[in-house]
Amino acid sequence: MPDRDTALTSDDNLYLLHPHSVVGRPTPPVVIDRGQGARVWDVEGTAYIDGTCGLWQCAVGHGRAELAAVAAEQMQRLEFYTSFWDFSNEPSIRLAARLVELAPAGLGKVFFTNGGSEGTETAIKLARLARHATGEPDRTVVLSRTGAYHGVSGTAMAATGIERLKDGFGPQAVDFVHLSTPHGPTHGPAATDKLLVELEEAIETIGAHRITAMIGEPVLGVGGSVPPPEGYWPGVQAILRRHGILLILDETITAFGRTGHWFAAERFGVQPDLIITAKALSSGYVPMGAVLIGDQVIDMLDGTTFFHGFTYNGHPVGAAVALANLDIIEREGLLQRATVLGDRLLDGLVPLADLPHVREVRGCGLMIGITLESNDAPDVVARCRADGVIARGAANTIVLSPPLVITEPEVDTVCEVISRHVRRLGS
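First, a word on scope: everything that follows refers to the structure included in this document. (Residues numbered from 1 in each chain as written. Predicted model: local features only at pLDDT ≥ 70, side-chain atom pairs only at ≥ 80, totals over all residues. Heavy atoms only, no water.)

## Re the overall build of the protein
In terms of regular secondary structure, the protein is built from 13 helices and 15 strands. Oriented by its inertia axes, the alpha-carbon framework of the protein measures out at about 60 × 55 × 45 Å. Sorting the 427 residues of the protein into buried and exposed places 53% on the buried side. Sequence separation of 24 or more characterises 72% of the internal contacts of the protein that already satisfy a separation of 6 or more. Surface accessibility of the protein: about 19300 Å² in total, with carbon and sulfur atoms responsible for 53%. (Helix = DSSP H or I, 4+ residues; strand = E, 2+ residues; numbered from the N terminus. Buried < 20%, exposed > 50% of the residue type's maximum accessible area, 1.4 Å probe, protein only. Contact = heavy atoms within 4.5 Å. Areas by Shrake-Rupley, 256 points an atom, 1.4 Å probe, with all protein chains shown as cover.)

## Section: the pattern of salt bridges
For the structure shown, the criterion picks out 18 salt bridges. Close ionic contact of Arg362 with Glu360 constitutes a salt bridge, the shortest N to O distance being 2.9 Å. The same class applies to Arg362 as to Glu360, namely buried. Between Arg420 and Asp387 there is a salt bridge; the shortest N-O distance is 2.5 Å. Here Arg420, found in helix α13 (residues 408-424), pairs with Asp387, found in the loop between α12 (377-386) and β13 (389-390); they are 33 residues apart in sequence, far enough to count as distant. On the basis of relative accessibility, which here comes to 36%, the residue Asp387 falls in the partly exposed class. Where salt bridges share partners, they join Arg64, Glu66 and Glu332 into one cluster. (Salt bridge = Lys/Arg side-chain N within 4 Å of Asp/Glu carboxyl O.)

## Section: unusual backbone geometry
Here the phi dihedral of Trp85 falls at roughly 55 degrees; this positive angle occurs in a residue that is not glycine. By the secondary structure assignment, Trp85 is in the loop between α2 (65-77) and α3 (90-102). We note that Ala395 has phi near 55 degrees; this positive angle belongs to a residue other than glycine. Summarising the element assignment, Ala395 is placed in the loop between β14 (392-394) and β15 (397-400). Relative accessible area serves as the criterion here: at 39%, Ala395 is assigned to the partly exposed category.

## Notes on the nonpolar core
The biggest cluster of nonpolar side chains holds 96 residues, and the ones touching the most others in it are Leu95, Leu99, Phe256, Phe263, Leu349 and Ile418. Ranked by the residues each element gives to this core, the list is headed by helix α10 (residues 316-331), at 9 residues. Discounting residues that sit within four places of it in the chain, Phe263 has contacts with Leu102, Ala103, Pro104, Glu251, Ala255, Phe256, Ile275, Thr277 and Leu292. (Core = buried A, V, L, I, M, F, W, Y, C linked by side-chain atoms within 4.5 Å.)

## Considerations on the environment of Pro272
Along the polypeptide, Pro272 turns up in the loop between α8 (264-268) and β9 (274-277). Here the alpha-carbon distance between Pro272 and Ala105, two residues 167 residues apart in the chain, equals 9.3 Å. Residues within four places of Pro272 in sequence aside, it is in contact with Leu107, Gln237, Leu247, Leu249 and Ala265.

Take a look at the structure:
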């Protein structure tokens, strides 16, 4: 076993099963040792610009001493006590009030989780329980979308529309129907009309009396940083309201500044019934998530016991860190920064769209996606990492989502490195 005071060796990696790794064939990991701002360093001292924000989460950047101090202070006062039944703690109560203050109108309650998958489980259970409580127990169907990512736990995986993530895991939870999502350069009115017609037809085929909710990411994240076509979300909401179907927005990635707003719901002009959040809520310094619940859902549930929860619900350390993290986002103007630097990053990469081997370059705030004509994205990402830029790549898609504190020179470096290696594909 590795000793804490000795350097790691390649053999030490044998004890760890990495997410998305090939079992029994471990690839030596890049062991990250420390971080500051939008940069991280591995144990060998190599520096990288973090173009992925870890896993979309580190909005305020790495190495924030003030967040570590908040966590330590809260641990010394109260490290944890259950938040079930009639117990709670002050930081979680304050955080719930802060989230309601920041949220779109009509979202008046908060249920805490530890991450996005738990948020999906919670939101869907709330929607289905609300139907049961109001005498509509057969309204269990949830509409989702192909290419969507909503987590990898049981119900969350069924809601997810990326099929390769489900292979080999056996039967999925039932009553999920997946509709189309925009892919490629399909962002005009015609794309919106086509997707809305498909939604109307699905509701007619299934029967609105069987559908409880539709879940969707405002901007597809894992599916490739794909923004919706113009008018899509307002059109979806109008259809759902006409049929009495709830709207769940999965803002695990988009909330707290990623698209230039506290919530992407504001950017796209919708008022969802439930919002799932996590990641940038605490910038990843402590696992923390929250589901924001609309007043209509609360009214439907009035008098009903919600037999649901997780051991670390409303964790006081996570809540204290989240409060301090939200203060940083507001104090440092990171919402505006995401818009300005997102435009700079997109402008620097858009010329790649003129290459014959690049299908599309797209973005929304500090969410950028590049689709290639070939499945060379992992190779491009590997070459970029060797040049000090961490990006994310799968099949034919490269995704960038840097911390909101990334600097202009760092944005320019990311553009230069990504562009150089994408252009080499055509040589």
